[in-house]
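# Structural features, examined
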Amino acid sequence: MSFLFGGKPQLSSEQKIAQAEAEIDMVSDMYTRLVQSCSKKCIDTSFREGDLNKGESVCLDRCVAKFFEVNVKVSEKMQGEAQNRGGGGMFGV
């Protein structure tokens, strides 16, 4: 009953599992979007070589860095807006 005195309510095991599954789904989706976006942008589809060449490697490195930088900025913006509306974050906690 800690939530009555300003503490966070305790989550049940089912709620914790549901949150973990939702987080795994989000991370998997982000990884899929990252691979698709950066591969499409940086890797030649003719596959002339077995390994990445220097240009592809540098492109992928920059693409991944930008992808995560934008992801962090968007997440921070969304969290700020949620807090301004009175929500506690992504799951309302």
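Here's a quick rundown of the structure. (Residues numbered from 1 in each chain as written. Predicted model: local features only at pLDDT ≥ 70, side-chain atom pairs only at ≥ 80, totals over all residues. Heavy atoms only, no water.)

### Some words on the nonpolar core
- Judged by nonpolar contacts, Met30, Leu34, Cys38, Cys42, Leu60, Cys63 and Phe67 together constitute the single largest core of 7 residues.
- Counting residues per element, the ones that place at least two in this core are α1 (13-42) and α2 (54-84).
- In terms of residue count, the dominant contributor to this core is α1 (4 residues).
- With residues up to four places along the chain from it excluded, the contact list for Phe67 reads Met30, Arg33 and Leu34. (Core = buried A, V, L, I, M, F, W, Y, C linked by side-chain atoms within 4.5 Å. Buried < 20%, exposed > 50% of the residue type's maximum accessible area, 1.4 Å probe, protein only. Helix = DSSP H or I, 4+ residues; strand = E, 2+ residues; numbered from the N terminus. Contact = heavy atoms within 4.5 Å.)

### Topic: the side chain of Glu56
- Among the secondary structure elements, Glu56 is positioned in helix α2.
- Separated by 3.4 Å, the side chain of Glu56 and the backbone nitrogen of Asp44 make a polar contact.
- Once you skip the residues sitting within four places of it in the chain, Glu56 turns out to touch Cys42, Ile43, Asp44 and Asp51. (Polar contact = N/O pair within 3.5 Å; in protein donor to acceptor, adjacent residues only side chain to side chain.)

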